[in-house]
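As a plain string of letters, each chain reads:
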Amino acid sequence: MNSEALSFPTTRAEALERLREFIPKAEQYAARRNYVEPPYDYVSRLSPAISRRLILEREVCEAAREAFSPSAIQKFEQEVWWRTYWKGWLEMRPSIWTNYRTELAELDWDDYPRAQEVARGESGVEIMDYFARELFETGYMHNHARMWWAAFWIHVEKLPWQLGADFFLQHLFDGDAASNTLSWRWVAGLHTKGKNYLVRRSNIEKYVAPEILRNHKVKLEALEHTTAVDIEYEPLPEPKAVEARDLPSLENQRVGIWLHENDLLPEKSPLQDFGPVSVRGFTPEKIWSAEQFSKSKRDFLTAAMKDGLQRAEEYFSCASGFQTCDVLEEGLANWVREENLDTVVTLHPFTGVLGERLSNIETTLRDEGVNFYARRRPEDVEPMNKATSGFFGFWKKTEPLRRESADLAFSD
């Protein structure tokens, strides 16, 4: 495994440069995207930066549309919009995340020694072990390989899908609750009734680079005749619309902006016209430890957050700070006391590890006599509320939004 061949932007400047380098290849994305060929030059490798909002989804799509016709880069654009679709789908059905977390809490890795072996890359099926090692060495796994590996975990090894999803979130730099949880549920057959995903030897042999296959063929025949594990399908909850709430006037208040790893671009957001006296980011050690985030993932998140804080300090012309804290709520409470803040605002975290802390954070700050507002991006809310059913229905319903975004880009 040559982990040095893979690198991922940890700053906005690096993300914009990676986008610039990739755009000439965007037209070939549809034909090459399924091929697992390190160092993955025919996929953008921007997903970690997009997931942390070092760069926005619309910026990526607009750059591609400026270079090519919409039809030429449709598959690339769709893959970017899949992330918005998954986020919207889960935001409207947060109980899916809550149930997953409850089920995961009832499982113990120590009770599944085979799960530990597979996650360490010691399953004996060498190609799957290659992918597992790639993940924990680089923080990345090609999307096609993720599908194969999840199907191997669930339908071949017959391990709980929740533990597999947890393993991915521990290591993936681009891992977010929506894409990860819902993709694992889809492979398991829980997302769409009657549909699951099985790994096939023939598919792997078609798409994996020959030099990788030559060195990782042991027990490949184990993938020839897999059948789906029968997991009871439960009806999905009805979607509930995501609300975009306006902020009240904050004139004559001491305002602080809390910057977190879900969205690191406050200068291009609904917060951009604020005049904060302080911007603060935190590494919440207790949360990251409880989630068992790998050291490389923590390092990636820390570097990306420091870049966001530096840009925020320059843009807002105020002091920024970066702190390691054991408990996030305590870190926020100490900050508002230090700066004598009246109000804390933030870009709304999505449903997931950070989003589930919002209620506690609001309570903590209210006890400090401080107002707390989490603001959603309007460009998120409108498309997310269209994720009521399948992706291709969502794609059709969001066509006017994509056209409007493109028109705005050309008029700037």
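First, a word on what this report is: a plain description of the structure on this page.

So, how was this worked out
Residues numbered from 1 in each chain as written. Predicted model: local features only at pLDDT ≥ 70, side-chain atom pairs only at ≥ 80, totals over all residues. Heavy atoms only, no water. Helix = DSSP H or I, 4+ residues; strand = E, 2+ residues; numbered from the N terminus. Rg over C-alpha atoms; globule rule 2.2 N^0.38 Å. Buried < 20%, exposed > 50% of the residue type's maximum accessible area, 1.4 Å probe, protein only. Contact = heavy atoms within 4.5 Å. Areas by Shrake-Rupley, 256 points an atom, 1.4 Å probe, with all protein chains shown as cover. Disulfide = S-S within 2.5 Å. Pairing = 2+ DSSP bridges. Right-handed = clockwise from strand over helix to strand, strands pointing away. Core = buried A, V, L, I, M, F, W, Y, C linked by side-chain atoms within 4.5 Å. Axes fitted to C-alpha atoms, helices over the stretch in contact; angles between N-to-C directions. Left-handed = near helix turned anticlockwise from the far one by under 90°. Nonpolar A, V, L, I, M, F, W, Y, C, P; charged D, E, K, R; others polar. Phe/Tyr/Trp six-rings, centres within 6.5 Å; stacked < 30°, edge-to-face > 60°. Lys NZ or Arg CZ within 6 Å of the ring centre and 35° of its normal. Arc of directions from axis to C-beta. Parallel < 35°, antiparallel > 145°, perpendicular 65-115°, else oblique.

### A few points about the overall build of the protein chain
Next, step 1: Helix and strand content of the protein chain: 20 helices and five strands.
Next, step 2: Relative to the 2.2 N^0.38 estimate, which gives 22 Å for 412 residues, the radius of gyration of the protein chain is 22 Å and therefore close to what a compact globule would have.
Next, step 3: Once the C-alpha set of the protein chain is aligned to its principal axes, its extents read approximately 70 × 50 × 45 Å.
Next, step 4: When burial is assessed residue by residue, the protein chain has 54% of its 412 residues classed as buried.
Next, step 5: A separation of at least 24 residues holds for 77% of the contacts in the protein chain among residues at least 6 apart in sequence.
Next, step 6: Of the accessible surface of the protein chain, which amounts to about 18,300 Å², a share of 45% is contributed by carbon and sulfur atoms.

### Some remarks on the state of the cysteines
Next, step 1: As enumerated under the stated definition, the model contains zero disulfides in all.
Next, step 2: Summary of cysteine pairing: Cys 318 is not part of a disulfide, and the nearest cysteine sulfur, belonging to Cys 325, is at 19 Å.
Next, step 3: For Cys 318, a relative accessible area of 9% translates into the label buried.

### Remarks on the environment of Glu 234
Next, step 1: Here Glu 234 lies in the loop between α13 (210-215) and β1 (255-259).
Next, step 2: Expressed as a C-alpha distance, the spacing of Glu 234 and His 191, which sit 43 residues apart in the sequence, is 9.1 Å.

### Re the pairing of strand β5 (residues 371-375)
Next, step 1: Pairing between strand β4 (residues 343-347) and β5: five bridges, direction parallel. Counted as the bridge partner of Leu 347 is Arg 375 from β5.
Next, step 2: For the crossover from β4 across helix α17 (residues 358-367) to β5, the handedness is right-handed.

### As for helix α10 (residues 161-171)
Next, step 1: Within α10, eleven of the eleven residues are buried, which leaves the element mostly enclosed by the surrounding structure.
Next, step 2: Those residues of α10 that are buried are in contact with α6 (95-105), α7 (113-119), α8 (126-138), α9 (143-156), α11 (177-188) and α15 (295-316).

### Regarding the nonpolar core
The tendency in soluble globular proteins is for nonpolar side chains to be buried side by side.
Next, step 1: The biggest cluster of nonpolar side chains holds 125 residues, and the ones touching the most others in it are Ile 127, Met 128, Phe 131, Trp 148, Trp 149, Trp 153 and Trp 258.
Next, step 2: It is α9 that provides the largest number of residues to this core, a total of eight residues.
Next, step 3: Other than its neighbours up to four places away in sequence, Trp 149 contacts Val 118, Ala 119, Met 128, Phe 131, Ala 132, Met 141, Phe 167, Phe 168 and Trp 184.

### Digging into the pairing of β1
Next, step 1: Within β1, five of the five residues are buried, leaving the element largely enclosed by the surrounding structure.
Next, step 2: Residues Val 255, Ile 257 and Leu 259 line one face of β1 and the alternating positions Gly 256 and Trp 258 line the opposite face, and both faces are buried.
Next, step 3: Here β1 runs beside β4; their pairing, made up of four bridges, is parallel. Residue Val 255 lies in a different strand from β4, and its bridge partner there is Thr 343.

### As for the packing of α8 against α9
Next, step 1: α9 packs onto α8 with a crossing angle of 115 degrees between their chain directions and a minimal axis gap of 10 Å. For the crossing formed where α8 meets α9, the hand is left-handed. Between α8, through Met 128, Phe 131 and Ala 132, and α9, the contact on the second element is made entirely by Ala 145, Trp 148, Trp 149 and Phe 152.
Next, step 2: Residue composition of the contact of α8 with α9, grouped by class: seven nonpolar, no polar and no charged.

### Examining the packing of aromatic side chains
Next, step 1: For the structure on display, the rule yields 33 aromatic pairs.
Next, step 2: Ring geometry for Tyr 35 against Tyr 207: centres 4.9 Å apart, planes inclined by 65 degrees, an arrangement best described as edge-to-face. Taken together, the positions of Tyr 35 in the loop between α2 (29-32) and α3 (47-51) and Tyr 207 in helix α12 (residues 201-207) put the pair 172 residues apart, joining distant regions of the chain.
Next, step 3: Residue Tyr 35 is classed as partly exposed on the basis of its relative accessible area of 23%.
Next, step 4: Residues Tyr 85 and Phe 391 carry aromatic rings whose centres are separated by 5.6 Å and whose planes lie at 85 degrees to one another, so their mutual orientation is edge-to-face. One end of the pair, Tyr 85, is in helix α5 (residues 74-91); the other, Phe 391, is in helix α19 (residues 391-397), with 306 residues separating them in the sequence.
Next, step 5: Using a relative accessible area of 4% as the deciding quantity, one classes Phe 391 as buried.
Next, step 6: Three or more aromatic residues link up through ring pairs in this structure, and these residues are Trp 81, Trp 82, Tyr 85, Trp 86, Phe 391, Phe 392, Phe 394 and Trp 395.
Next, step 7: When the ring centre of Trp 89 is taken as reference, the NZ or CZ atom of Arg 93 above it lies at 4.0 Å.

### With respect to α6
Next, step 1: The set of residues buried in α6 consists of Ile 96, Trp 97, Tyr 100, Arg 101 and Leu 104. Summarising the axial view, the buried residues of α6 lie within an arc of 135 degrees, below the 170-degree limit, and thus occupy one face.

### Let's talk about the packing of α5 against α11
Next, step 1: The contact between α5 and α11 brings their axes to 8 Å, and the two run at 85 degrees. One way to sum up the angle between α5 and α11 is to call them roughly perpendicular. Residues Arg 83, Trp 86, Lys 87, Trp 89 and Leu 90 of α5 pack against Ala 177, Ala 178, Ser 179, Leu 182 and Ser 183 of α11.
Next, step 2: The residue inventory of the contact of α5 with α11, partitioned by class, reads six nonpolar, two polar and two charged.

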